[in-house]
Amino acid sequence: MDYKDVEILFAEDTIADATLTIRALTKSGLTSKIHHVEDGAEALDFIYGQGIYSMRDIQKNPKLILLDLKMPKVSGIQVLEKIKVDPNFRSIPIVILTSSKEDPDIKQCYALGVNSYIVKPVDSNNFFQSLKELGVYWMILNQAPL
Amino acid sequence: MNSNDELIIANKKIALHFIEKAKLVAEIEAATFKLAFQNREKEERAAELTIANIELAFQNGEKERRAAELIVANQELTFQNREKEERAAELLVANIELAFQNKEKAKKAGELIIANKELAFQNQEKEERAAELLVANIELSFQNKEKEKRAGELLIANKELAFQNQEKEERAAELVIANNELLIQNVEKESRAAELIIVNKELEYLNKELEAFSYSVSHDLRSPIRAISGFTKILEEDYADKFDLEGVKTLQSIIHNSNRMGVLIDDLLSFSKLGRKEMIVSKIDMTALVKSIREELFQHPENRIEFNVKVLPPSKGDESLIRQVWVNLISNAVKFSRNRPKTIIDIGAYEENKFAVYFVKDNGAGFEMTYYDKLFGVFQRLHSQREFEGTGIGLAIVQKIIQRHNGVVWAESKLNDGACFYFSLPIITD
């Protein structure tokens with residue numbers, strides 16, 4: 001697998017959240033090319049073509065990175081920081097998905113250059129609706145850099 | 001030779017020379033007479049001499065005696081003389097000493113003359129100074145009089161002051177007593193303050209812990225609830241054909257309740273957030289604030305709600321928080337009076353003890369005052385979910401916000417006869 005077709009890199013350690021998020025994005029028919037990783041370290045390996053992703057062509061980047069904030073090993077904010085200061089990757093849009101609007105890190109995320117910051121609704125109807133809109137926006141409306 | 005013998009010899013010579021002898025006899029007669037006279041005279045003289053002789057002999061004896069005395073006296077004088085010689089020698093020495101002293105005194109006298117001149121000069125100076133002092137003295141005597149006059153005035157003033165002083169002393173004594181009382185109170189307050197500081201620190205620590213807990217609850221509870229709601233939704237969508245009507249209702253109930261739990265968590269969070277939100281205090285135009293809330297949130301096309309809003313005095317506080325108070329109170333008024341044919345909401349204010357008291361009055365369901373103590377409690381409700389939905393956070397938020405503004409919130413109601421909610425804020429003095 002060369003991962004060149006991956007459109008969304010999705011980092012989320014909670015399986016339930018990951019399952020629901022992937023379902024919401026794929027069910028809307030916008031994309032099925034989502035690569036799910038379970039922590040920040042794996043997300044960085046993917047982007048930098050390291051470790052198990054050493055065969056990945058780092059010239060072909062995903063259209064969007066979805067990051068959970070609270071993850072083991074390397075947190076979402078650390079992944080964000082590393083990518084946004086790297087001239088090779090900082091043009092990739094990054095959206096933070098978090099469980100709570102109480103996260104004290106929202107200001108820091110914007111300061112580090114996050115492209116969007118979304119609080120996942122608890123209400124399943126709202127949740128699926130929000131993620132569908134997110135997919136429409138970033139996959140269709142938003143013009144990604146080539 | 002005796003003068004008588006000579007006369008005999010002379011007489012014999014005259015007999016030899018006759019003429020001569022006659023003349024001579026006359027002469028001799030005269031001479032004899034004279035001589036007899038002289039003889040008598042001499043006899044008398046001899047007698048006198050004898051007497052004188054005796055006298056002289058006597059005197060001689062006297063003189064001898066006197067001489068003896070003189071010898072004695074002489075010896076005495078010799079002795080005295082020697083004494084005097086010794087004394088003289090001593091005096092010589094003393095004299096030399098005196099001569100030396102004399103010289104010294106002469107020298108000293110010379111010095112004294114110089115000193116004298118100096119003193120004379122100084123004396124003159126002093127005289128001049130004395131003259132000046134005299135002038136000054138006159139001036140002083142004038143001033144003295146003035147001062148006496150002034151002293152007289154001061155004496156009167158002094159008496160007045162003495163009286164005032166006494167008054168003040170009495171007052172001071174009272175103050176000392178009051179002071180001691182205050183001191184005691186102060187000490188008590190200090191120890192109380194120290195206790196409060198400890199309690200405060202404990203509270204601060206508990207508060208922080210509570211915040212961390214709230215954040216944790218918000219973050220970590222939302223995820224599984226979202227999962228419950230989400231997966232039930234998947235069941236509902238993907239497996240609808242496998243459930244009968246009752247099964248679908250059950251799935252919807254799961255979704256509904258998990259969603260509700262999400263709302264409760266959010267409410268709890270926003271409540272706990274109030275305590276740590278930093279207040280941005282400014283002057284608030286209450287009339288304008290209520291108007292904007294009405295226009296934004298309570299525009300009912302059918303005009304079922306009648307708002308009677310009076311002019312409200314301005315206050316100061318965090319506008320976003322005070323806005324939340326109005327929104328919660330007006331929302332409640334609307335919610336609890338929605339079963340009335342027409343909702344009537346009166347909004348007004350009055351002043352009381354340097355506070356502006358604002359109120360929101362409705363004609364809704366009201367509540368029983370018996371349960372008043374639960375009214376502002378977190379998640380406390382006086383109506384069932386079926387009657388009026390809600391989480392029971394709205395009034396708790398109102399109370400917390402008003403307390404943060406040093407105000408008070410309270411309510412009056414009768415069941416089924418409307419309710420009136422009041423809150424007070426310090427009046428602006430500008």
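Residues numbered from 1 in each chain as written. Chains lettered and ligands numbered in written order. Predicted model: local features only at pLDDT ≥ 70, side-chain atom pairs only at ≥ 80, totals over all residues.

On to the overall build of chain A, then. Tallying secondary structure elements over chain A gives 5 helices and 5 strands in all. Sorting the 146 residues of chain A into buried and exposed places 38% on the buried side. Put simply, of all contacts in chain A between residues at least 6 apart along the chain, 66% involve residues at least 24 apart. (Helix = DSSP H or I, 4+ residues; strand = E, 2+ residues; numbered from the N terminus. Buried ≥ 20, exposed ≤ 12 C-beta atoms within 10 Å, placed from the backbone. Contact = placed C-beta atoms within 7 Å.)

Here the focus is the overall build of chain B. The secondary structure content of chain B amounts to 6 helices and 7 strands. Written out in order from the N terminus, the α and β elements of chain B read α-α-α-β-α-β-β-α-β-β-α-β-β. The burial tally for chain B puts 17% of its 430 residues in the buried class.

Time to look at the pairing of strand β5 (residues 355-361) of chain B. All names here are of chain B. Taken together, the 7 bridges between strand β4 (residues 343-352) and β5 define a ladder with antiparallel strand orientation. Looking across to β5, one finds that A349 is bridged to Y358. Between the end of β4 and the start of β5, which pair antiparallel, lie 2 residues, with N353 showing a positive phi angle near 50°. Inspection of the sheet shows β5 paired to strand β7 (residues 419-426) by 7 bridges, in the antiparallel sense. (Pairing = 2+ DSSP bridges.)

This part covers the sheet that holds β7 of chain B. Residues and elements named next belong to chain B. Pairing within the open sheet is mixed, and its 5 strands lie in the order β2-β4-β5-β7-β6. Looking along the sheet, the strands with just one partner apiece sit at the ends: β2 (305-309) and β6 (409-413). Ignoring which end each strand starts from, the neighbouring axes of this sheet average 15° apart. (Axes fitted to C-alpha atoms, helices over the stretch in contact; angles between N-to-C directions.)

Our focus in this paragraph is the sheet that holds strand β2 (residues 34-37) of chain A. Residue and element names in this part refer to chain A. The parallel open sheet is built from 5 strands, whose spatial order is β2-β1-β3-β4-β5. The open sheet has two edge strands, β2 and β5 (116-119), and neither has a second partner. On average, each strand axis in the sheet is inclined to that of its neighbour by 20°, with strand direction left out of account.

Given a rise of 1.5 Å per residue, 32 residues ought to cover 46 Å, and the 47 Å separating the end C-alpha atoms of helix α3 (residues 245-276) of chain B matches this to within 8%. Three or more residues of α3 of chain B are buried, namely I255, S258, N259, G262, I265, L269 and S272 of chain B. (Expected span 1.5 Å × (residues − 1).)

This next bit is on helix α1 (residues 15-27) of chain A. Between its first and last C-alpha, α1 of chain A extends 17 Å over 13 residues, near the 18 Å set by a 1.5 Å rise per residue. G29 of chain A lies just past α1 of chain A and shows a positive phi near 80°.

This part takes up the nonpolar core. Ranked by internal contacts, the top residues of the largest apolar core, which has 37 residues, are V325, L329, V360, V398 and F423 of chain B. Per-element accounting of this core gives the leading share, 8 residues, to helix α5 (residues 319-336) of chain B. Leaving out residues up to four positions away in the same chain, F423 of chain B has contacts with V325, Y358, I402, G407 and V409 of chain B. Residues I8, L20, A43 and I94 of chain A belong to the second largest nonpolar core, which totals 36 residues. (Core = buried A, V, L, I, M, F, W, Y, C linked by C-beta atoms within 7 Å.)

A word on the interface of chain A and chain B. Taken together, the contacts link 14 residues of chain A with 17 residues of chain B. Put simply, the parts of the chain that give the side of chain A that touches chain B at least two residues each are α1 and α5 (124-141) of chain A. The element best represented in the side of chain A that touches chain B is α1 of chain A, accounting for 4 residues. Within the side of chain A that touches chain B, the residues separate by chemical class into 5 nonpolar, 4 polar and 5 charged. (Nonpolar A, V, L, I, M, F, W, Y, C, P; charged D, E, K, R; others polar.)

Quick look at the environment of E319 of chain B now. If you trace the backbone, E319 of chain B turns up in helix α5. In the structure, E319 of chain B is positioned 39 residues away from I280 of chain B in sequence and 7.6 Å away in space, judged by C-alpha atoms.

So, on to the confidence of the model for chain B. In this model, chain B carries a mean pLDDT of 85, and residues with pLDDT of at least 70 account for 95%. Prediction confidence for the complex, expressed as pTM and ipTM, is 0.54 and 0.84 respectively. (pLDDT = per-residue confidence, 0-100.)

Further remarks concern the packing of helix α4 (residues 286-297) of chain B against α5 of chain B. Residue and element names in this part refer to chain B. Following both chains from N to C, one finds α4 and α5 inclined at 55°, their axes separated by 10 Å at the closest point. With respect to each other, α4 and α5 are oriented oblique. Note that α4 runs across α5; the crossing there is right-handed. The residues of α5 that touch α4, namely those facing L289, V290, I293 and L297, are I322, R323, W326, V327 and I330. (Parallel < 35°, antiparallel > 145°, perpendicular 65-115°, else oblique. Left-handed = near helix turned anticlockwise from the far one by under 90°.)

On to unusual backbone geometry, then. Residue and element names in this part refer to chain B. Not every positive phi belongs to a glycine, and N353 is a case in point at roughly 50°. Topologically, N353 is positioned in the loop between β4 and β5. In this structure N353 comes out as exposed when scored by C-beta crowding, with 7 C-beta atoms within 10 Å. Although it is not a glycine, N416 adopts a positive phi angle of roughly 65°. C-beta crowding within 10 Å serves as the criterion here: with 12 such atoms nearby, N416 is assigned to the exposed category.

What follows is about the environment of R90 of chain A. All names here are of chain A. Its location among the elements puts R90 in the loop between α3 (76-84) and β4 (94-98). Taking the number of C-beta atoms within 10 Å as the measure of exposure, R90 has 12 and is therefore exposed. C-alpha of R90 to C-alpha of V114: the two residues are 24 residues apart in sequence and 9.8 Å apart in space. The contacts of R90, once residues within four sequence positions are left out, are I83, K84, V85 and G113.

Turning to the pairing of β4 of chain B, a few remarks are in order. Where β2 of chain B lies against β4 of chain B, 5 bridges are found, and the strand directions are parallel. The partner of F307 of chain B across the bridge, within β4 of chain B, is I345 of chain B.

Right, let's get into the packing of α1 of chain A against α5 of chain A. In helix packing, the relevant descriptors are the interaxial angle and the interaxial distance, both defined with respect to the helix axes. Residues and elements named next belong to chain A. At their nearest, the axes of α1 and α5 sit 8 Å apart, and the two run at 55° to each other. Between α1 and α5, the angle falls in the class oblique. Classified by chirality, the crossing of α5 by α1 is right-handed. Along its contact with α1, which presents L20, T21, A24 and L25, the element α5 presents F127, F128, L131, K132 and G135.

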